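Coordinates in review
Take a look at the letters that make up each chain.
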Amino acid sequence: MPTTSGSGLTVITLNKILGAAGVVLLLVGGLLGFRSVSASGTRCGSAFQPAGGITPMACDNALNGASTLVTIVMSAGVLCLIAAVAVKVVRDRTHAKVAA
């Protein structure tokens, strides 16, 4: 059974942290998308589902801000997952070269 050195353990831990952070950010972004926003006492709905009918212009900024926040958080989650996959691929390739 192969043993993992100190640097290998660090890379594995980094990979798990990036993956977990990515999943958490995606979930939080999804939940933020369903959070109801309001402007000047008017219920505007959420970023994923604006209020039915014609929404007042006062809601435009609130909905735009909510949509921007959801986009940023979910993009950060996707970037963390991409980084986790990249770290794993690089680690596997270097580990395969060392073993060969």
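The rules behind these values
- Think of each chain on its own: its residues are numbered from 1, step by step along the sequence as written.
- With the structure being a predicted model, the display of local features is reserved for residues of pLDDT at least 70 and the display and counting of side-chain atom pairs for 80 or more, all residues being used for whole-chain, interface and lining totals.
- Values reported for side chains reflect all heavy atoms of the structure, with hydrogen atoms and water molecules removed beforehand.
- Secondary structure elements follow DSSP: runs of H or I of four or more residues count as helices, runs of E of two or more count as strands, with numbering from the N terminus.
- Only C-alpha atoms enter the radius of gyration; for comparison, a globular chain is expected to reach 2.2 Å times N to the power 0.38, where N is the number of residues.
- Think of it in three bands: with a 1.4 Å probe and only protein chains considered, a residue is buried below 20% of the maximum accessible area for its type, exposed above 50%, and partly exposed in between.
- Only heavy atoms matter for contacts: two residues are in contact if any of them lie within 4.5 Å across the pair.
- Salt bridge, as applied in this entry: a Lys or Arg side-chain nitrogen positioned within 4 Å of an Asp or Glu carboxyl oxygen.

**Overview of the overall build of the protein chain**
Assigned secondary structure in the protein chain consists of 2 helices and 2 strands. Reading the helices (α) and strands (β) of the protein chain from amino to carboxyl end gives α-β-β-α. At 21 Å, the protein chain has a C-alpha radius of gyration far larger than the 13 Å of a compact globule built from 100 residues. Across its three principal directions, the C-alpha atoms of the protein chain cover 65 × 15 × 15 Å.

**Brief notes about the side chain of N15**
Mapped onto the elements of the fold, N15 is located in helix 1 (residues 6–34). The exposure class of N15 is buried, given its relative accessible area of 18%. Setting aside residues no more than four positions away along its own chain, N15 makes contact with A84, V85, V87 and K88.

**What about the pattern of salt bridges?**
Applying the stated criterion to the full structure yields 2 salt bridges. D92 is paired through a salt bridge with K88; the nearest N and O atoms lie 3.1 Å apart. Of this pair, D92 and K88 both sit in helix 2 (residues 58–99), 4 residues apart, which is roughly one turn of that helix. Across the salt bridge formed by D92 and R91, the nearest N and O atoms sit 3.9 Å from each other. Take D92: its relative accessible area is 34%, and that puts it in the partly exposed class. For R91, a relative accessible area of 24% puts it in the partly exposed group.

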